[in-house]
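Here are the chains, one letter per residue:
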Amino acid sequence: MAQRYILETDWGIAVKKINPNSRFTGTLEDITWQEGTTPISREDIQTKIDEMNVEYDANQYQRDRATAYPSIQEQLDMQYWDKVNGTTNWEDAIAKVKLDNPKS
């Protein structure tokens, strides 16, 4: 199972995604809406949490690639030596990361 982006205990993040201007306090079970914020149902909040988790899971390849790429310093060094030597080490390294971590 994939790591979850947002847990039900982090419901405030989902509320802010639904209505960035919302003001509230409390818990998911006992929300107090403030400053004229239109209430959002618990079902709508849970639906947003589920949507955010689906999006997070769909982007796992991005997180995997980010840790697999050589450092920027290493990449710049590869590019320099590729230009000097007429090689494609940098392109090959980047292509391997993309091949090893495909988009879903």
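Residues numbered from 1 in each chain as written. Predicted model: local features only at pLDDT ≥ 70, side-chain atom pairs only at ≥ 80, totals over all residues. Heavy atoms only, no water.

**Description of helix H1 (residues 11–18)**
Put simply, the test is: Categorising residues by exposure relies on relative accessible area from a 1.4 Å probe, with only protein chains included: less than 20% of the type maximum marks a residue as buried, more than 50% marks it as exposed, and the intermediate range marks it as partly exposed. Comment: elements are numbered from the N terminus, with helices defined as DSSP H or I runs of at least four residues and strands as E runs of at least two. By construction, the arc corresponds to the directions joining the helix axis to the C-beta atoms. In this analysis, two residues are considered to be in contact whenever any of their non-hydrogen atoms come within 4.5 Å of each other.
Every buried residue belonging to H1 is among Trp11, Ala14 and Val15, and all of these are buried. For H1, the angular spread of the buried residues around the axis is 100 degrees, confining them to a single face. On its buried side, H1 packs onto strand E1 (24–27), strand E2 (30–33) and helix H2 (42–58).

**Observations regarding unusual backbone geometry**
Within the chain, Glu35 stands out as a residue other than glycine whose phi angle is a positive 55 degrees. Looking at the secondary structure, you find Glu35 in the loop between E2 and H2. With relative accessibility at 70%, the residue Glu35 sits in the exposed group.

**Considerations on the packing of aromatic side chains**
Convention followed: Only the six-membered ring of Trp is used, alongside the rings of Phe and Tyr, when aromatic pairs are assigned; centres must lie within 6.5 Å, and planes under 30 degrees apart are stacked while those over 60 apart are edge-to-face, with the rest tilted. In this scheme, the term charge over a ring applies when either NZ of a lysine or CZ of an arginine sits within 6 Å of the ring centre and within 35 degrees of the ring normal.
Under the definition given, this model contains three aromatic pairs. Taken together, a centroid distance of 5.1 Å and an interplanar angle of 45 degrees make the contact between Trp11 and Phe24 tilted. With Trp11 in helix H1 and Phe24 in strand E1, this pair connects stretches of sequence that are 13 residues apart. Pairing Tyr80 with Trp81 gives two aromatic rings, centres 4.9 Å apart and planes at 85 degrees, and the pair type is edge-to-face. Relative accessible area serves as the criterion here: at 41%, Trp81 is assigned to the partly exposed category. Members of the aromatic cluster, joined through ring pairs, are Trp11, Phe24 and Trp33. Over the aromatic face of Tyr56 sits the side chain of Arg63, whose NZ or CZ is 3.6 Å from the ring centroid.

**Describing the packing of H2 against helix H3 (residues 60–68)**
When two helices pack together, their arrangement is given by the angle between the helix axes and the distance between those axes. Basically, it comes down to this: Between the N-to-C directions of two axes lies an angle of 0 to 180 degrees, each axis being a line fitted to C-alpha atoms and, for a helix, fitted only over the stretch in contact. The labels follow the angle: roughly parallel below 35 degrees, roughly antiparallel above 145, roughly perpendicular from 65 to 115, and oblique for the rest. As a working rule, the residues Ala, Val, Leu, Ile, Met, Phe, Trp, Tyr, Cys and Pro are called nonpolar, Asp, Glu, Lys and Arg charged, and the rest polar, with Gly in that last group.
Orientation of H2 relative to H3, taken along the N-to-C sense of each, is 40 degrees, at an axis distance of 4 Å. Here H2 is positioned oblique relative to H3, judged by the angle of their axes. The segment H2 lies against H3, with Tyr56, Asp57 and Ala58 engaging Gln60, Tyr61 and Arg63. When grouped by side-chain class, the residues that make up the contact of H2 with H3 number three nonpolar, one polar and two charged.

**Here we look at the pairing of E1**
Definition in use: By this definition, two strands are paired if DSSP reports at least two bridges between them.
Examined bridge by bridge, E1 and E2 share four bridges and lie antiparallel to one another. Its bridge partner lying in E2, Thr25 is registered against Thr32. Between E1 and E2, which pair antiparallel and follow one another directly, the connecting turn spans two residues.

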